[in-house]
Amino acid sequence: MSRKSAVVPDPTAIGNIASPPFARLPDPASLFSARSRRLRQLAETSDLAPCLNFLAELGQAQNDIQSDLPLPESPDAETIARAREFEMPPLDRSLIGGDPAIGTLFDRLFAAAATIEKPVAAAKALARVTAADPAERLAMAQTIFSNTLPGDAIAEHVFVWAGLQVYFARVASVLDVAALAPVADGVCPVCGGAPMSSMVVGWPGSHGARFCSCSLCGTLWHYVRVKCVLCGSTKGIGYQEIDGQGGIVKAETCDECHGWSKILYQDKEPAADPAADDVASLNLDLLMRDGPYHRGGFSPLLAGF
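Residues numbered from 1 in each chain as written. Predicted model: local features only at pLDDT ≥ 70, side-chain atom pairs only at ≥ 80, totals over all residues. Heavy atoms only, no water.

(A) Spatial organisation of the pattern of salt bridges. The final tally for this structure, using the stated rule, is 13 salt bridges. In this structure, the salt-bridge partner of R137 is D107, at a minimum N-O distance of 2.8 Å. Of the two residues, R137 sits in helix α6 (residues 134-145) while D107 sits in helix α4 (residues 100-113), which places them 30 residues apart along the sequence. The exposure class assigned to D107 is partly exposed, which follows from its relative accessible area of 46%. (Salt bridge = Lys/Arg side-chain N within 4 Å of Asp/Glu carboxyl O. Helix = DSSP H or I, 4+ residues; strand = E, 2+ residues; numbered from the N terminus. Buried < 20%, exposed > 50% of the residue type's maximum accessible area, 1.4 Å probe, protein only.)

So, in structure tokens, the structure goes:
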């Protein structure tokens, strides 16, 4: 592995941006199945094939458990208006304990995950989280909401996170995108989650625009380029990458907060997915690990590396 010697502003032209939307809400009917396909595609040429194929199976399970579930109701107009007034996300993560749907999703996902071929350690972690009572699972959810994972129970929390992703993607999908407003740098305007990565997209009408990807609900929100996703600074922004990787994934570094985050170039690789390509580009994380920058945002699937 090698690193580009110069850390310079991203030279990619922003180009023919028309009017990118503020946000794109997740479509839970396609989000996880598309991610599963991307993971399988990446596994074909990756040294991480066993891990990527396992995650592909998990993504397919996330998709399949929704088949006969009704869509959730959107928060009422008063709740959304109050959130907008106080610059808060409209989805209150603290309320999940009162929604029986979360327990149903956990039970379905853990049962589906039990049929997937997996390492022994992952199987034992799944058995533990399956046996956990609702209060224990909600305690794990609260830990995830703090964007941390305990070192001695990462796998258990990843399974809970996978269930939370399904839950919040479904709730986010029924919101009115026109009612959303920015909350803060590095904060999802829908659920308050941290970004997993950001993407420069090739969508019609938004070509060359950058969107952050929520690690929890899967919402994509517009965020200007050459600006730190983590602290909002426009000073000292640089880009590093692995030579010979086609420029599809880069590390965006910030000299103000000394953090870095991944930026994907979906305009170069239309199938790129914020979660799948994040895991598959582990070599970039390894390259950056001994440098002066710490990775920001939240990337549960790489927490054990």
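(B) Highlighting the nonpolar core. Counting residues in hydrophobic clusters, the biggest one holds 67 residues, and the most contacted among them are F159, V160, L164, F168, V190 and C191. Contributing elements (two or more residues each) for this core: α1 (28-43), α2 (49-64), α4, α5 (120-131), α6, α7 (154-173), β3 (210-214) and α8 (276-280). Here this core gets 13 residues from one element, more than from any other, and that element is α7. Filtering out sequence-adjacent residues up to four positions away, V160 remains in contact with F106, F110, V129, R137, M140, A141 and I144. Grouped together as the second largest cluster of nonpolar side chains are 15 residues, F211, I242, L264 and Y293 included. (Core = buried A, V, L, I, M, F, W, Y, C linked by side-chain atoms within 4.5 Å. Contact = heavy atoms within 4.5 Å.)

(C) Local environment of unusual backbone geometry. Positioned with a positive phi, N147 is a non-glycine residue whose angle comes to about 65 degrees. Within the secondary structure, N147 is located in the loop between α6 and α7. Positive phi is not limited to glycine here, since H258 has a value of about 60 degrees. Its place among the elements puts H258 in the loop between β6 (249-254) and β7 (259-265).

(D) Main features of the packing of α2 against α7. Relative orientation of the contacting elements α2 and α7 amounts to 40 degrees, with a least axis distance of 10 Å. Here α2 is positioned oblique relative to α7, judged by the angle of their axes. Note on packing geometry: the crossing formed by α2 with α7 is right-handed. When α2 is examined against α7, the residues F54, L58 and Q62 are found in contact with a partner set consisting of F159, A162, Q165 and V166. Looking at the contact of α2 with α7, its residues break down into five nonpolar, two polar and no charged. (Axes fitted to C-alpha atoms, helices over the stretch in contact; angles between N-to-C directions. Parallel < 35°, antiparallel > 145°, perpendicular 65-115°, else oblique. Left-handed = near helix turned anticlockwise from the far one by under 90°. Nonpolar A, V, L, I, M, F, W, Y, C, P; charged D, E, K, R; others polar.)

(E) Representation of α5. Here α5 is twelve residues long and its end C-alpha atoms lie 17 Å apart, about the 16 Å a rise of 1.5 Å per residue gives. Among all positions of α5, only A122, A125, L126 and V129 are buried. Down the axis of α5, the buried set is contained in an arc of 100 degrees. They therefore lie on one face. Residues V120, K124 and A131 are exposed on α5 and point more than 90 degrees away from its buried face. Looking at the buried residues of α5, the elements they touch are α4, α6 and α7. (Expected span 1.5 Å × (residues − 1). Arc of directions from axis to C-beta.)

(F) Just the confidence of the model for the chain, in detail. For the chain, the average pLDDT comes to 92, and 94% of its residues sit at 70 or higher. Low confidence marks residues 1-15, where pLDDT is under 50. Its contacts with residues over four positions away, or in another chain, come to 33 contacts. (pLDDT = per-residue confidence, 0-100.)

(G) Highlighting the packing of aromatic side chains. Evaluated as defined, the whole model comprises five aromatic pairs. Ring plane angle 10 degrees and centroid distance 5.6 Å describe the contact between F106 and F110, whose orientation is recorded as stacked. One end of the pair, F106, and the other, F110, are both in helix α4, four residues apart, so they sit about a helical turn from each other. Judged by centre distance (4.7 Å) and plane angle (45 degrees), the rings of W203 and F211 are tilted. The pair W203 / F211 is uniform in exposure class, with both members buried. Seen from the ring of Y265, K268 lies directly overhead, with NZ or CZ sitting 5.2 Å from the centre. Over the ring of W260 we find R295, and its NZ or CZ is 5.2 Å from the ring centre. (Phe/Tyr/Trp six-rings, centres within 6.5 Å; stacked < 30°, edge-to-face > 60°. Lys NZ or Arg CZ within 6 Å of the ring centre and 35° of its normal.)

(H) Inspection of empty space enclosed by the protein at higher detail. Following the criterion strictly, the structure yields four cavities of 30 Å³ or more and no others. L55, Q62, W161, Q165 and L301 are, among the 13 residues lining the largest cavity, the residues nearest its centre. Secondary structure elements with two or more residues in the lining of the largest cavity: α1, α2 and α7. Taken together, the residues of the lining of the largest cavity break down into nine nonpolar, three polar and one charged. (1 Å grid on protein atoms, 1.4 Å probe; cavity = no way out; pocket = protein on both sides within 12 Å on 5 of 7 lines; lining within 4 Å. Points joined across faces, edges and corners; volume = space filled by probe spheres on them.)

(I) Main features of α1. Over its 16 residues, α1 runs 23 Å from end to end, which matches the ideal 22 Å to within 8%, given 1.5 Å per residue. Buried residues of α1: P28, L31, F32, S33, R35, S36, R38, L39, L42 and A43, and no others. The inward-facing, buried residues of α1 contact α2, α7 and α8.

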